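Letter by letter, the chains look like this.
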Amino acid sequence: MFKKLLLSLSAISFIGFTSVAQSVFAPLNQDYYHLIDRYEIKRGKFAEGFHTTVKPYTRKGIVQLADSVLADKSCRLSSQDFFNLEYLRNDSWEWTSDQSGDSDTNLWDIFYRKKADAYSSNTNDFDIHVNPVLNLEIGAADGGLQKTVSLNSRGVEIRGMINKKIGFYTFMTDNVGLIPDYVKNYVDFYNQNSVRLERLPGMPGEGYTKEFKTDPYGVDFFSARAYITFQATKNIGIQFGHDRNFIGNGFRSMILSDNAPPYLFLKITTQVGRFQYQNLFAELINPSLAAVAEALPKKYIAMHHLSMNLSRRFNLGIFEAVVFDKGEKGFDLNYLNPVIFYRYLEGFQGSSDNAFVGFDFKYNFKKHFSLYGQWMIDEFVAKEFLAGKGSWLNKYSVQAGLNISTHSVLIILTYRVNLILPDRSHTVIMIHLLTHITVRRLPIRLVQTFLNGVIFSDFNRVQNYSLLQNISGQNLEKIAIAQKTGEVIF
């Protein structure tokens, strides 16, 4: 039902779309997006084509930002910066005014005519870019039974436009690999394999996974992302398909993260001047709660986020979301209202749906620094909060971080603090340190250290207590596992 509903809404919107050129999005990638964030910081004001808190970015907007940085004489750019900006332009050459990105050599005058594409063709009626996806990784792991780790991926990526009005994107790979012990242990815990008769394999960030050659350390999975996008009006863009989304400015997000597998969604983005308003309706699947041969359980999410550039350097965002499960009824049509307060709908229906609200901000200053943060409230009840006795109803989290960008090389030093407070008797504090540096032409992550400190007090009846992030990447669920019986309590 949910798929039919989203297709119907997309078709209704499609009927009245205008002739505005439609861009697909650059895939989410930390190295790639760090470059974009860097040049927005160096420019000293926000990009006009998109809001950097809401990801992914359109390729058209990325080229507009690169062109504006190159044209701004006040930006101090190194030779590496010029190389990176040209790389961003070449990667989305169809949106450059000079159609740059020509390759010095090509194959049979058909392949690799552009530096960024194995095959491409661009006309007024049809634009297409095709690239093979090949990845081979092999390494060694210490401290576990599995000493060899590897990943072998083969596939294809295709993107393009039809009549410069409809954009399309698809990515698919077949993958096999060997995972280290800590990943296997995470999968076994998350999938509750200790209480299953048959082990359920998995791969973080991916969907359906099989064991490779009956090896518990071997994984065999197929990855796929695909969507279409078009403009309903000059200021309203629509995207429908399977992919990931991200709201925030850190490596992770309290609001909407990209750590979950791709999911089915309909996204409506309205951008007028300094304001961007986004509606997201999605179907979420949690493979850890199903038996091996059963259909996977589903939940749904409706979210809206308002991003406001209050000045050239300060952005404020406000969001509200609701996660719900109506069983056989599927998606609740009440939540399709794009401008209503979801908490009102939840209360009006006498529903037990999980609603949460919050805000985010970003402040770029001195052309070298970006301060950002988030605050989220999950099932907040003022009466219980003011009573000061502690309640499972009051769950709120805070994130803060600072990005530092230098002139000579790309160094993004991120200091981030995530504070999660389910109530006054259980506190989780996570401090993440991430150093990212680009030397010469390739971005290389030199240090990626995660320092996690967990503070628990008052365990009461539960021997082991953990906080896990659910499949939506945002709502915190308590999963208590009794030490003696192995019984899972929700």
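Please read all numbers here as calculations on a predicted model, not as lab measurements.

Chemist: Help me out: how do you make sense of the overall build of the protein in this one?
Modeler: If you tally the helices and strands in the protein, you get 7 helices and 22 strands. In the structure as shown, the protein presents an accessible area of about 24,100 Å², 60% of it carried by carbon and sulfur atoms.

Chemist: Quick question: what am I supposed to make of a nonpolar patch on the surface here?
Modeler: On the surface, Leu107, Trp108, Ile110, Phe111, Tyr112 and Tyr119 cluster together into a nonpolar patch covering about 600 Å² of accessible area. Among the structural elements, Tyr112 can be located in the loop between helix H4 (79-91) and strand S2 (119-122). Relative accessible area serves as the criterion here: at 40%, Tyr112 is assigned to the partly exposed category.

Chemist: Would you take a moment to explain the packing of aromatic side chains for this structure?
Modeler: Aromatic ring pairs are defined here through the distance separating the ring centres and the angle between the ring planes. Scanning all chains against the criterion turns up 18 aromatic pairs. By the ring-pair criterion, three or more aromatic residues cluster together here, those being Tyr32, Tyr33, Phe50, Tyr57 and Tyr87. Above the face of the Tyr217 ring, Lys184 is positioned so that its terminal group lies 5.5 Å from the ring centre. Above the face of the Phe25 ring, Lys267 is positioned so that its terminal group lies 4.9 Å from the ring centre.

Chemist: Explain the pattern of salt bridges here, please?
Modeler: Pairs can form between side chains of opposite charge whenever their charged atoms are close. Counted by the stated rule, this structure contains 15 salt bridges. Measuring nitrogen to oxygen at the nearest pair gives 3.8 Å for the salt bridge that ties Glu283 to Lys298. Note that Glu283 is positioned in strand S11 (residues 275-285) and Lys298 in strand S12 (residues 298-309), a separation of 15 residues in sequence. Overall, Glu283 belongs to the buried group, its relative accessible area being 6%. With a relative accessible area of 33%, Lys298 lands in the partly exposed category. Through salt bridges that share partners, Lys184, Asp188, Arg199 and Glu211 make up one connected network.

Chemist: What is the right way to read the environment of Met172 from this model?
Modeler: Relative to the assigned elements, Met172 resides in strand S5 (residues 166-178). The sequence separation of Met172 and Arg225 amounts to 53 residues, and the corresponding C-alpha distance is 6.5 Å. Aside from chain neighbours lying at most four places away, what touches Met172 is Arg154, Gly155, Val156, Phe222, Ser223 and Ala224.

Chemist: I would appreciate a short explanation of the side chain of Asn175 in the present structure.
Modeler: Within the secondary structure layout, Asn175 lies in strand S5. Polar contacts involving the side chain of Asn175 include one to the side chain of Thr173, which spans 3.1 Å. Of the polar contacts made by the side chain of Asn175, one reaches the side chain of Ser223; its length is 3.5 Å. Beyond its immediate stretch of four places on either side in the chain, Asn175 contacts Leu151, Asn152, Ser153, Arg154, Val219, Asp220, Phe221, Phe222 and Ser223.

Chemist: Can you walk me through a positive patch on the surface in this structure?
Modeler: Positive charge collects at one region of the surface, where Arg312, Arg313, Lys366 and Lys367 lie side by side. Inspection of the secondary structure puts Arg313 in the loop between S12 and strand S13 (314-324). Judged by relative accessible area, which is 32%, Arg313 ranks as partly exposed.

Chemist: Teacher, can you tell me more about unusual backbone geometry here?
Modeler: A negative phi angle characterises most non-glycine residues, just as the trans form characterises most peptide bonds. Of note, the bond from Lys55 into Pro56 is cis; its omega dihedral lies within 30 degrees of zero at 10°. By secondary structure assignment, the location of Pro56 is in the loop between strand S1 (54-55) and helix H3 (59-71). At Lys366, a residue that is not glycine, the phi angle is positive and equals roughly 60°. Here Lys366 lies in the loop between strand S14 (354-365) and strand S15 (369-378).

Chemist: Looking at this structure, how should I read helix H2 (residues 30-43)?
Modeler: Each full turn of the α-helix corresponds to 3.6 residues, which orients residues three or four apart in the same direction. An ideal rise of 1.5 Å per residue puts 20 Å on 14 residues; H2 measures up with 20 Å between its terminal C-alpha atoms. Counting buried positions along H2 gives 12 out of 14 residues, so the element sits mostly inside the fold. Along H2, the residues classified as buried are Tyr32, Tyr33, His34, Leu35, Ile36, Asp37, Arg38, Tyr39, Glu40, Ile41, Lys42 and Arg43. Backbone nitrogen of Asp31 and a side-chain oxygen of the N-cap are separated by 3.0 Å at the start of H2; the cap is Asn29. Two residues or fewer past H2, Gly44 is found with a positive phi of approximately 85°.

Chemist: In this structure, what is going on with H4? I would like to understand it.
Modeler: For H4, built from 13 residues, the straight-helix expectation of 18 Å at 1.5 Å per residue is met to within 8% by its first-to-last C-alpha distance of 18 Å. Here H4 has its buried residues at Gln80, Asp81, Asn84, Leu85, Leu88, Arg89, Asn90 and Asp91.

Chemist: I keep staring at the packing of H3 against H4 and nothing clicks. Help me out?
Modeler: Geometrically, a packed helix pair is captured by the angle between its two axes and the distance between the axes. Two numbers describe how H3 lies on H4: the axes approach to 9 Å, and their chain directions differ by 150°. Comparing the axis directions of H3 and H4 gives the class roughly antiparallel. Both H3 and H4 take part in a crossing whose hand is left-handed. Two secondary-structure elements touch here, H3 through Arg59, Ile62, Ala66, Asp67, Val69 and Leu70 and H4 through Phe82, Leu85, Leu88, Arg89 and Asp91.

Chemist: It is not clear to me how the environment of Arg199 should be interpreted in this structure. Could you clarify?
Modeler: Along the chain, Arg199 falls in the loop between helix H5 (181-190) and strand S6 (209-212). Separated by 17 residues in sequence, Arg199 and Pro216 have C-alpha atoms that sit 8.6 Å apart. Within the local environment of Arg199, its side chain forms a polar contact with the side chain of Asp188, the two groups lying 3.0 Å apart. In this structure the side chain of Arg199 is engaged in a polar contact, spanning 2.9 Å, whose partner is the side chain of Glu211.

Chemist: Looking at this model, I keep getting lost on the pairing of S11. Mind explaining?
Modeler: Within a regular strand, side chains alternate between the sheet's two faces. The element S11 is largely enclosed, with a buried count of 8 among its 11 residues. Here strand S10 (residues 263-272) pairs with S11 via 9 bridges, running antiparallel. Within S11, the position partnered with Gln271 by the bridge is Gln276. Two successive antiparallel strands, S10 and S11, enclose a turn made up of 2 residues, where Gly273 displays a positive phi of approximately 60°. Relative to S12, S11 runs antiparallel, the two sharing 11 bridges. The residue of S12 that forms the bridge with Gln278 is His305.

Quick notes on the rules
Residues numbered from 1 in each chain as written. Predicted model: local features only at pLDDT ≥ 70, side-chain atom pairs only at ≥ 80, totals over all residues. Heavy atoms only, no water. Helix = DSSP H or I, 4+ residues; strand = E, 2+ residues; numbered from the N terminus. Areas by Shrake-Rupley, 256 points an atom, 1.4 Å probe, with all protein chains shown as cover. Patch = residues over 30% accessible without salt bridge, like charges linked within 9 Å, V, L, I, M, F, W, Y side chains within 5 Å. Salt bridge = Lys/Arg side-chain N within 4 Å of Asp/Glu carboxyl O. Buried < 20%, exposed > 50% of the residue type's maximum accessible area, 1.4 Å probe, protein only. Phe/Tyr/Trp six-rings, centres within 6.5 Å; stacked < 30°, edge-to-face > 60°. Lys NZ or Arg CZ within 6 Å of the ring centre and 35° of its normal. Contact = heavy atoms within 4.5 Å. Polar contact = N/O pair within 3.5 Å; in protein donor to acceptor, adjacent residues only side chain to side chain. Lys, Arg positive; Asp, Glu negative; His and termini not counted. Charge placed at Lys NZ, Arg CZ, Asp CG, Glu CD. Expected span 1.5 Å × (residues − 1). Axes fitted to C-alpha atoms, helices over the stretch in contact; angles between N-to-C directions. Parallel < 35°, antiparallel > 145°, perpendicular 65-115°, else oblique. Left-handed = near helix turned anticlockwise from the far one by under 90°. Pairing = 2+ DSSP bridges.

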